[in-house]
Amino acid sequence: MAKRLDSAGLTFRQDYFGDPVGWAALVRLLQDIFGIDIGPLQQLGGPDPSSMPFGWFDAEGGLAANLSAFALPFVLNGRIVHAAGLQSGAVRPAWRGRGLYRDLTVKALDWCERQGFEAVILYTDKPSLYEPYGFRVIPQHRYEGAAPDPSIFSGPARLLAPTDADDLALLQSLLQARTPVSTSLSVTVNAAMFLINTQLDPDVRVSFLEDRQAAIAWKMDQAGRFRLLDVVAAEIPSLAAILGGLDIAAAAVEVLFRPDKLGWAGTPQPVESGTVLMLRGLGDEAPHFPAMLSPMADF
């Protein structure tokens, strides 16, 4: 039998991202539980304006438990799905086993239904926690293969630093006007997640191809493999143009989304990770082709 909610000594709140004290409490919670610092997001434009956090606060103003919902429209099989995402789910050890997270999950899903979202997605390393609420795992696939010959580029790419005001403004403009990177599975809007992920992973590089008006999120591993994480542009350039613009002659390429707009066909490989993508709603619909959401959309 599910344990009943025991909220003694706690106060429920929602919609507190506009309160500096409430935001700071979430930053501390995620830092303490996951070692993730989302504090820099405030200097990168702030949290997603559609965010609706749900939390139980203790008498000192600390967050005992949190779960946040936000609008996350995404493309699935060529159509835009009016969807929400769930993120920042955490409970402090001292408050676990009291039904707090189950309560927040119900509240968040009820809010999503009232907003008219047709689907909800999330990432988790505990899929069994969400299966009772109708979530199912969506298999994810990356693509790998030989690199195409780079196209001749008209000028060198410029590395962007999102913490620089001018670079941040450029990135925000590109993110606002971006087109989905794939027709199979990709987000349509993810500015806050993209920007904070540039700070959470020090290996991520973001380069601007001026002639293509495109921001490229990428990595190089120690073996010299080029890893393409995301492309932010109104028109997606080919992989050959991206490599030419970055002046990279890689032997092998790994693309972490379906490369149907890149003019390149790699081989799909299952993503091996402790974290899975889960979807609630849309019946049994799943990507028609092997695909994954860009890691820059990971939340």
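For the structure given in this document, a descriptive report is provided here. This is a predicted model, so every value here is computed, not measured.

**Things to note about the overall build of the chain**
Summing up its helical and strand segments, the chain has five helices and 17 strands in all. Taking 299 residues into account, the globule formula puts the C-alpha radius of gyration at 19 Å, and the chain, at 20 Å, falls close to it. With the C-alpha coordinates of the chain rotated into their principal frame, the extents come out at 65 × 45 × 35 Å. The long-range fraction of contacts in the chain, counting pairs at least 24 apart against all pairs at least 6 apart in sequence, stands at 73%. Computed over 24 positive and 33 negative side-chain charges, the separation of the two mean positions in the chain equals 7 Å.

**Side note on the sheet that holds strand β14 (residues 226-232)**
The seven strands are arranged β10-β12-β13-β14-β15-β9-β16 in an open sheet whose pairing can be described as mixed. Pairing within the sheet leaves two strands with one partner each, and these edge strands are β10 (158-159) and β16 (267-270). Sheet topology note: the β14/strand β15 (residues 252-255) ladder contains three bridges and is parallel. Looking at the pairing, R227 lines up with E254 of β15. The strands touched by helix α5 (residues 239-246) within the sheet are β12 (205-209), β13 (214-220), β14 and β15, with β14 carrying the most contacts at an inclination of about 105°.

**Things to note about the nonpolar core**
Ranked by internal contacts, the top residues of the largest apolar core, which has 33 residues, are W23, L26, L63, L171, F194, L195 and V206. Elements represented by at least two residues in this core include exactly α1 (20-34), α3 (165-176), α4 (191-200), β12, β13 and β14. Broken down by element, this core gets its largest block of residues, six residues, from α1. Core analysis: the second largest hydrophobic core is formed by 25 residues, L86, Y101, F117 and L122 among them.

**Some details on the pattern of salt bridges**
Counted under the stated rule, the structure contains 16 salt bridges. One salt bridge connects D201 with K219, and the closest N-O pair in it is separated by 2.6 Å. You can see D201 sitting in the loop between α4 and β12 and its partner K219 sitting in strand β13, a full 18 residues away along the chain. What you see here is one network of salt bridges that share partners, running through R142, E144, D221, R225, R227 and E254.

**Brief notes about the environment of L41**
Here L41 is to be found in the loop between α1 and β2 (52-57). Assessed through its relative accessible area of 8%, L41 is described here as buried. Sequence spacing of L41 and V27 is 14 residues, and the spatial spacing of their C-alpha atoms is 10.0 Å. In this view, L41 contacts W23, G46, P47, A192 and I196; residues no more than four positions away in its chain are not counted.

**Observations concerning the layout of surface pockets**
Quantified by volume, the second largest pocket comes out at close to 290 Å³. In terms of lining residues, the second largest pocket is bounded by 17 residues, among which D48, P49, V189, A191 and A192 are the most central. Of all the secondary structure elements, the ones that give two or more residues to the lining of the second largest pocket are α3 and α4. The residue inventory of the lining of the second largest pocket, partitioned by class, reads ten nonpolar, six polar and one charged.

**As for empty space enclosed by the protein**
Tallied over the full model, the rule gives two cavities of 30 Å³ or more. Around the largest cavity, the lining residues are F74, L76, I121, I138, L185, L277, L279, E285, A286, P287 and L293. Every element with two or more residues in the lining of the largest cavity is listed here: β4 (74-76) and β17 (276-281). Residue classes in the lining of the largest cavity are distributed as ten nonpolar, no polar and one charged. Taken as a whole, the second largest cavity spans an internal volume of roughly 40 Å³.

**Points about α4**
With seven of ten residues buried, α4 is to be regarded as a mostly interior element. Taken residue by residue, α4 has A192, M193, F194, L195, I196, N197 and T198 as its buried positions. Considering only its buried residues, α4 is in contact with β3 (63-71), β6 (83-91), α3, β12, β13 and β14.

**Observations regarding the pairing of β13**
Most of β13 is tucked away: six of the seven residues are buried. One ladder, built from five bridges, connects β12 with β13; its direction is antiparallel. Each residue of the ladder has a partner; that of R205, found in β13, is W218. Hairpin connection between β12 and β13: a loop of four residues separates the two successive antiparallel strands, and Q213 in this loop has a positive phi of roughly 50°. Looking at chain direction, β13 and β14 are connected through six bridges and run antiparallel. From the neighbouring strand, M220 faces β14, where its bridge partner is F226. In this structure, the hairpin formed by β13 and β14 is closed by a connection of five residues, where G224 is found at a positive phi of approximately 85°.

**Things to note about unusual backbone geometry**
Backbone geometry at S88 places phi at a positive 55°, although glycine is not the residue there. Along the chain, S88 turns up in strand β6.

The rules we used
- Residues numbered from 1 in each chain as written.
- Predicted model: local features only at pLDDT ≥ 70, side-chain atom pairs only at ≥ 80, totals over all residues.
- Heavy atoms only, no water.
- Helix = DSSP H or I, 4+ residues; strand = E, 2+ residues; numbered from the N terminus.
- Rg over C-alpha atoms; globule rule 2.2 N^0.38 Å.
- Contact = heavy atoms within 4.5 Å.
- Lys, Arg positive; Asp, Glu negative; His and termini not counted.
- Charge placed at Lys NZ, Arg CZ, Asp CG, Glu CD.
- Pairing = 2+ DSSP bridges.
- Axes fitted to C-alpha atoms, helices over the stretch in contact; angles between N-to-C directions.
- Core = buried A, V, L, I, M, F, W, Y, C linked by side-chain atoms within 4.5 Å.
- Buried < 20%, exposed > 50% of the residue type's maximum accessible area, 1.4 Å probe, protein only.
- Salt bridge = Lys/Arg side-chain N within 4 Å of Asp/Glu carboxyl O.
- 1 Å grid on protein atoms, 1.4 Å probe; cavity = no way out; pocket = protein on both sides within 12 Å on 5 of 7 lines; lining within 4 Å.
- Points joined across faces, edges and corners; volume = space filled by probe spheres on them.
- Nonpolar A, V, L, I, M, F, W, Y, C, P; charged D, E, K, R; others polar.

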